[in-house]
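# Structural features, examined
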Amino acid sequence: QQQVKQSPQSLIVQKGGISIINCAYENTAFDYFPWYQQFPGKGPALLIAIRPDVSEKKEGRFTISFNKSAKQFSLHIMDSQPGDSATYFCAASIQGGSEKLVFGKGTKLTVNP
Amino acid sequence: DSGVTQTPKHLITATGQRVTLRCSPRSGDLSVYWYQQSLDQGLQFLIQYYNGEERAKGNILERFSAQQFPDLHSELNLSSLELGDSALYFCASSVGNLPSYEQYFGPGTRLTVT
C-alpha cells in the first residue's frame, strides 16, 4: 500500500525552465514533508522540507507548495540547470508517531542544456 | 560527503547465503536507519536504531536482522538470500530519533544475489 504517490516518473526540462514534481498522500496524520535529491551512485540528500502549518517554503531556486485540503505537495525548481539532473523523492512522516519516512517512488529529472 | 560510511560498496553472493552490511554514522549521530532501494519498490524503510536500541520497524523481512553496537555503528544481516533481495541498501543517520531530524545517507551497498 503506497501512502505517498509521486508523479511524474520522469521529467525532461530545458535549461532555464521550471520543473514541477507532484506528490499526494493519504494519511492526514502526516505532518512532515521532506524532499530528497539523489545523484547517480550517491545516497539521497535532504533538499528542502515543509510542515503543514505553512503553504509554501522557498530555498533558492527550490520551492515546496503545500495544499493541506487536497493532501498534495509539490516541488518547483525554477531556472532548472543541467546540474539539477537527478532523481527526486518526496516523503512524509508523522513526527510524534512512528519514526519512519514513507517515500514516493521518485522522479528522474533530466535538464537538457 | 555525508559523513556516513558504508561497507562494502558492492557485494555479489549466491542464493541461500548470508551477508553482513556495515554502517558507521556521522560523528555525534545517535540514530541509524536502514533502507532498501529497488527499481520497482523505490526506497523502503527497513529498521531504525537509536542509541543502541531498536526504535522503529518497517518492511523488514524475518530473514533480515540488524543491530547497533555501543560505538553506534550498525550492521544489517541478510540471510537465506533470494534473487529478489538484490538491491541497493542505504544506511542513514541523524542526531535525534524523530523523522524531522535531517537524515544523512551513506553511499549505499549494492547487493547482487545470483
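Going by the structure above, here's the rest.
Let me sum up the structure you'll find in this document. (Residues numbered from 1 in each chain as written. Chains lettered and ligands numbered in written order. Predicted model: local features only at pLDDT ≥ 70, side-chain atom pairs only at ≥ 80, totals over all residues. Heavy atoms only, no water.)

## Looking at the interface of chain A and chain B
How we decide: Here, two residues are considered to be in contact whenever any of their heavy atoms come within 4.5 Å of each other. A pairing counts as a salt bridge when a side-chain nitrogen of Lys or Arg comes within 4 Å of a carboxyl oxygen of Asp or Glu. Between N or O atoms, a polar contact is any pair within 3.5 Å; within protein, one atom must be a potential hydrogen donor and the other a potential acceptor, and residues adjacent in sequence are included only when both atoms are from side chains.
Listed as interface residues are 19 residues of chain A and, on the opposing side, 20 residues of chain B. Summed over the shared surface of chain A and chain B, the result is zero salt bridges. Counting across the interface, chain A meets chain B through one residue pair in polar contact (both at pLDDT 80 or more).

## Some remarks on the pattern of salt bridges
In plain terms, the rule: Secondary structure is summarised from DSSP: a helix means a run of H or I of at least four residues, a strand means a run of E of at least two, and numbering begins at the N terminus for each.
Applying the stated criterion to the full structure yields five salt bridges over all chains. Glu 59 of chain A is paired through a salt bridge with Lys 57 of chain A; the nearest N and O atoms lie 3.8 Å apart. Here Arg 63 of chain B ties to Glu 82 of chain B by a salt bridge, and the two come within 3.7 Å at their closest N and O atoms. Linking Arg 63 of chain B in the loop between strand S6 (53-57) and strand S7 (64-68) with Glu 82 of chain B in the loop between strand S8 (74-78) and strand S9 (87-94), this pair joins segments that are 19 residues apart in sequence. Because the salt bridges share partners, they merge into one network encompassing Arg 63, Glu 82 and Asp 85 of chain B.

## Overview of the state of the cysteines
All names here are of chain A. Short version of the rule: Disulfides are defined as cysteine sulfur pairs within 2.5 Å.
Enumeration according to the criterion identifies two disulfides over all chains in this entry. What pairs with Cys 23 in a disulfide is Cys 90, and their sulfur atoms sit 1.8 Å apart. For the disulfide bridge between Cys 23 and Cys 90, the dihedral angle about the S-S bond is near -95°, and by the sign convention the bridge is left-handed. Here the residue Cys 23 occupies a position in strand S3 (residues 19-25), and Cys 90 occupies one in strand S9 (residues 86-92), the gap between them amounting to 67 residues.

## Re the pairing of strand S2 (residues 10-14) of chain A
All names here are of chain A. Selection criterion: Relative accessibility decides the category of a residue: with a 1.4 Å probe and only protein chains considered, values under 20% of the type maximum give buried, values over 50% give exposed, and everything between is partly exposed. A strand pair is defined by DSSP finding two or more bridges across the two strands.
The side-chain alternation of S2 yields one buried face, formed by Leu 11 and Val 13, and one unburied face, formed by Ser 10, Ile 12 and Gln 14. The pairing of S2 with strand S11 (residues 107-112) spans five bridges and is classified as parallel. Its bridge partner being in S11, Val 13 is matched across the sheet by Val 111.

## Points about unusual backbone geometry
The amide bond that connects Ser 7 of chain A to the next residue, Pro 8 of chain A, takes the cis arrangement and shows omega of -5°. Turning to its location among the elements, Pro 8 of chain A is positioned in the loop between strand S1 (4-7) and S2. Despite not being glycine, Leu 72 of chain B has its phi angle at roughly 80°, a positive value. Structurally, the position occupied by Leu 72 of chain B is in the loop between S7 and S8.

## Considering the sheet that holds S7 of chain B
Residue and element names in this part refer to chain B. Heads up, the rule is: The axes used here are C-alpha line fits, helices contributing only the stretch in contact, and every angle between their N-to-C directions lies in the interval 0 to 180 degrees.
Pairing is antiparallel in the open sheet, where four strands are placed in the order S1-S3-S8-S7. Each end of this open sheet is capped by a strand with a single partner; those strands are strand S1 (5-7) and S7. Mean inter-strand twist for the sheet, computed between neighbouring axes without regard to direction, equals 15°. Note that strand S3 (residues 19-24) and S8 share five bridges and pair antiparallel. Residue pairing for S8: Leu 21 is matched across the bridge by Leu 76.

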